[in-house]
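Overview (structure and organization)
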Amino acid sequence: MPLGPELRLTGRLAEGPFGLELHSGGGVWELDAGRRVRRLIGCEVEVCGRRAGFNELICDQIWPAGQSRPPRSKFNIELLLASSVVGYGLIAFLLGLVGRLG
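Residues numbered from 1 in each chain as written. Predicted model: local features only at pLDDT ≥ 70, side-chain atom pairs only at ≥ 80, totals over all residues. Heavy atoms only, no water.

Here we look at the sheet that holds strand E5 (residues 56–64)
Sheet strands associate in pairs through backbone hydrogen bonding, adopting either a parallel or an antiparallel arrangement. We count it as follows: Here, a strand pair is defined by DSSP locating no fewer than two bridges between the strands. Only DSSP runs of H or I covering at least 4 residues are called helices, and only runs of E covering at least 2 are called strands; the numbering of each starts at the N terminus. For helices, the fitted line uses only the C-alpha atoms of the stretch in contact; every axis is such a line through C-alpha atoms, and the angle between N-to-C directions lies from 0 to 180 degrees.
Read once around its circumference, the closed barrel built from five strands follows the order E1-E2-E3-E5-E4, with strand pairing classed as mixed. This sheet shows a mean twist of 55° between the axes of neighbouring strands, independent of strand direction. Strand direction decides the pairing type here: strand E2 (residues 19–24) and strand E3 (residues 27–32), joined by four bridges, are antiparallel. Counterpart to glutamate 21 in the pairing with E3 is glutamate 30.

Here's the deal with the state of the cysteines
The line we're drawing: Disulfide: a pair of cysteine sulfur atoms within 2.5 Å of each other. Exposure categories follow from relative accessible area, calculated using a 1.4 Å probe and restricted to protein chains: below 20% of the type maximum is buried, above 50% is exposed, and the middle band is partly exposed.
Under the criterion given, the structure shown has zero disulfides. No disulfide involves cysteine 43; its sulfur sits 15 Å from that of cysteine 59, the nearest cysteine. Accessibility expressed as a relative area gives 33% for cysteine 43, which makes it partly exposed. Here cysteine 59 is not cross-linked by a disulfide; its sulfur's nearest cysteine counterpart is in cysteine 48, at 9.3 Å. Residue cysteine 59 is classed as buried on the basis of its relative accessible area, which comes to 16%.

As structure tokens, then:
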């Protein structure tokens with residue numbers, strides 16, 4: 001299912017039967033978020049993410065409400081993994097080429 005546009009919501013973070021939930025404006029959003037945000041359970045938070053499905057939100061960032069939005073991390077794990085696979089393939093290719101010539 002395609003992701004919707006970026007949403008920014010404010011509400012109370014809670015633990016639900018299927019994981020983290022954001023209770024916001026009378027609605028409940030199921031959050032797809034990392035483990036580090038569990039320390040904010042029971043607190044008012046702000047969430048930026050993309051809607052997926054009826055009430056699921058794939059989170060980009062979660063932070064305590066009333067604070068400024070934290071800067072985005074410049075570390076991209078997907079790019080690191082892709083680069084390592086490409087690098088490994090290139091090294092294997094070169095070693096195979098050297099083995100055939102030698």
